[in-house]
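# Coordinate analysis (summary)
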Amino acid sequence: MILLALLYIYPIFLMFLNSLKPFGEVVSDVIALPKAATFQNYADVVKRMQYFQLFSNNVIITAIGVTGIVALASLAAYVLDRRRTRYAKLAYLLIITPMLIPFQTFMITLLKVMTVAHLAGSTWGLGIQYWGFGVPMAVFIYFNFMNTIPRELDESALIDGATTFRTFRSIIFPMLKTITATVVVLDVMWIWNDFLLPLLMVNGRPETKTLVLSAYTFVGQFNTQWHYAMTAMVLTVLPSIVIFIALQRNIVQGVVAGAIKG
Amino acid sequence: MKSPRNRIETVVYSLPCLALVALTIYLPFVLSGYYSLTKWNGIAREPVFIGLRNFADLIRGDGSFMRALIFTGEYTVVSMVALNAAALALAVVLVKDLKSRNFLRSVFFVPYILSMTIVGFIWQFIFSKGFEDLYKITGFAFLRLSWLGDVRIVFYSVVLVGVWQAVGFYVVLYVAGLQSIPRDILEAAVVDGANGPTKFLRVTLPMLSSSINTCVLLSMINSLKVFDTILALTKGGPAGSTYSATLEIYREAFQNNNYGLGAAKSLVFFLIVLVLTLFVLRLFRSRDDAA
């Protein structure tokens, strides 16, 4: 079993291995260990890709996206669960239905709409777009979790004179911690690694590109220069791997909870 | 507590979500329906209304869309079977009390957290360069096949990469399902004389049905939408043999600049995904009722 597992991640290992070799060694033998491991490729690629710019773009987009999704979706799910009016039922249905619509079926016109709305071509605009795409599943997950929180809690707060928003902020939202973790894990993984939406929206200028997007162009350009391609790929996936190793348990639990509820 | 104030609050606090979904999903979706009835190259100021001609073209045209749909269908079926079988088999091993099981579960999960584009590139490297050098060492004949260049083989390469990337996700779901089966039921089955395979087929599998439903549905929807890995791995080649439906829509709109025809293709694709999803959901419901 351990052998199978090692074989399984061998491709990832090979990618790391070859990012440490000079060009000549990659060409002559992919399997062999580097004669002398060098980080020269990393220095070169970090500069050529403008890695730190891309990295900070990714952080900005993901942060804007996830913060907005969590804030908007948890609040909406709360009022829609507690006030079962006809409006609330209809609104809930309208918000979650898009989970059934594949992104690729409306991406053509999306670009046009977003250009008109001035949300295309910038990192913050892209972050805001993720609110729209992330909210359906987040509302769905929050809504299903909401009935595990006893109504007496918020009702007594309301009787004590707290406003709905205040009740939500100081009583309900803190109780949603575990499910918020799930939403955050799922959305960070999705937005950080997303390819097609950034390709449509922020591919125009180097200052707005995301990591994966840039890696795609870079590897395309340096297709025959494998040592650079491998290094760019390692640099792109490294943040995900580091975060995964640090938060393994939370990530796996979050993904399971999301899949079962979603 | 249905005061007017409450009513207003309900609307105000849910409106941002509704508005965002309307702007990013419903509006483009409806517009896409309109564009499917037009001829538009994305540059001309106004699309020209041409009725159902795009849809007629889909049927009569060069068959590229049909080919993409067939590829997507085959890809989905093979991936679903391979993913669920492999994930279930791994999960059965990984719930046992192995010392290394946490480590092993993580190993299989790692590809799932990677960007699918990068996964495509990693395997492009492995197939074209890695296999060549591995062959020199091991002499295994399968390493010499043209994994990305032969139209008959490339289908399996694409499936392999898709399965490699996603299997860890389904393993975790199946492990969670297996862990939720009460031990005493399994022990009772043993007491009643069930041996290994019978126990698995007659007790474990039926108890897993909700995990199986989830995994089958998710693997179907995700396989139907396959895009990033193929774009990075083969770009639809060789000879256009690995164009998935979504890649074909992308190409028609953004590379051929036929926005109208692309929109028509996306509409057909949407209907197919919707019908399949509802069909599978209904199938599960009726099976659960019968059980």
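Residues numbered from 1 in each chain as written. Chains lettered and ligands numbered in written order. Predicted model: local features only at pLDDT ≥ 70, side-chain atom pairs only at ≥ 80, totals over all residues.

The next thing to look at is the environment of Thr167 of chain A. Residue and element names in this part refer to chain A. Residue position: Thr167 is located in helix α10 (residues 164-175). A tally of 20 C-beta atoms within 10 Å means that Thr167 is categorised as buried. Sequence separation between Thr167 and Ala157 is 10 residues; the distance between their C-alpha atoms is 6.3 Å. If we ignore the near neighbours within four places in the chain, the residues touching Thr167 are Asp154, Ala157, Leu158, Ala162 and Ile172. (Helix = DSSP H or I, 4+ residues; strand = E, 2+ residues; numbered from the N terminus. Buried ≥ 20, exposed ≤ 12 C-beta atoms within 10 Å, placed from the backbone. Contact = placed C-beta atoms within 7 Å.)

Our next topic: helix α4 (residues 40-49) of chain A. Residues and elements named next belong to chain A. For α4, the complete set of buried residues consists of Asn41, Val45 and Met49. Across the axial projection of α4, the buried residues extend over an arc of 40°, all falling on one side. Opposite the packed face of α4, turned more than 90 degrees from it, sit the exposed residues Gln40, Ala43 and Lys47. Gln50 lies just past α4 and shows a positive phi near 55°. (Arc of directions from axis to C-beta.)

Residue and element names in this part refer to chain B. Interaxial distance between helix α5 (residues 116-138) and helix α6 (residues 151-179) falls to 10 Å at its minimum, and their mutual angle equals 130°. When the interaxial angle is binned, α5 and α6 end up oblique. Here α5 and α6 pass one another in a crossing that is right-handed. Contacts from Met116, Val119, Gly120, Trp123 and Phe127 of α5 reach α6 at Ser157, Val161 and Gln165. (Axes fitted to C-alpha atoms, helices over the stretch in contact; angles between N-to-C directions. Parallel < 35°, antiparallel > 145°, perpendicular 65-115°, else oblique. Left-handed = near helix turned anticlockwise from the far one by under 90°.)

Looking now at the domain arrangement of chain A. All names here are of chain A. Once the domains are mapped, chain A shows domain 1 (1-38) and domain 2 (52-261). Between the C-alpha centres of domain 1 and domain 2 the distance comes to 34 Å. Counting from both sides, the interface comprises 8 residues of domain 1 and, opposite them, 7 residues of domain 2. Counting residues per element, the ones that place at least two in the side of domain 1 that touches domain 2 are α2 (10-19) and α3 (23-28). For the side of domain 1 that touches domain 2, the element with the most residues is α2, which contributes 4 residues. (Domains from an automatic or database assignment.)

Quick look at the packing of helix α8 (residues 123-146) of chain A against helix α11 (residues 177-193) of chain A now. Residues and elements named next belong to chain A. Where α8 meets α11, the closest approach of the two axes is 10 Å, and the angle between their N-to-C directions is 155°. By the angle between their axes, α8 is roughly antiparallel relative to α11. Where α8 crosses over α11, the handedness of that crossing is right-handed. Mapping the contact onto sequence places Tyr130, Gly134, Ala138, Ile141, Tyr142 and Phe145 in α8 and Ile179, Thr182, Val183, Asp187 and Ile191 in α11. For the contact of α8 with α11, the class distribution of residues is 8 nonpolar, 2 polar and 1 charged. (Nonpolar A, V, L, I, M, F, W, Y, C, P; charged D, E, K, R; others polar.)

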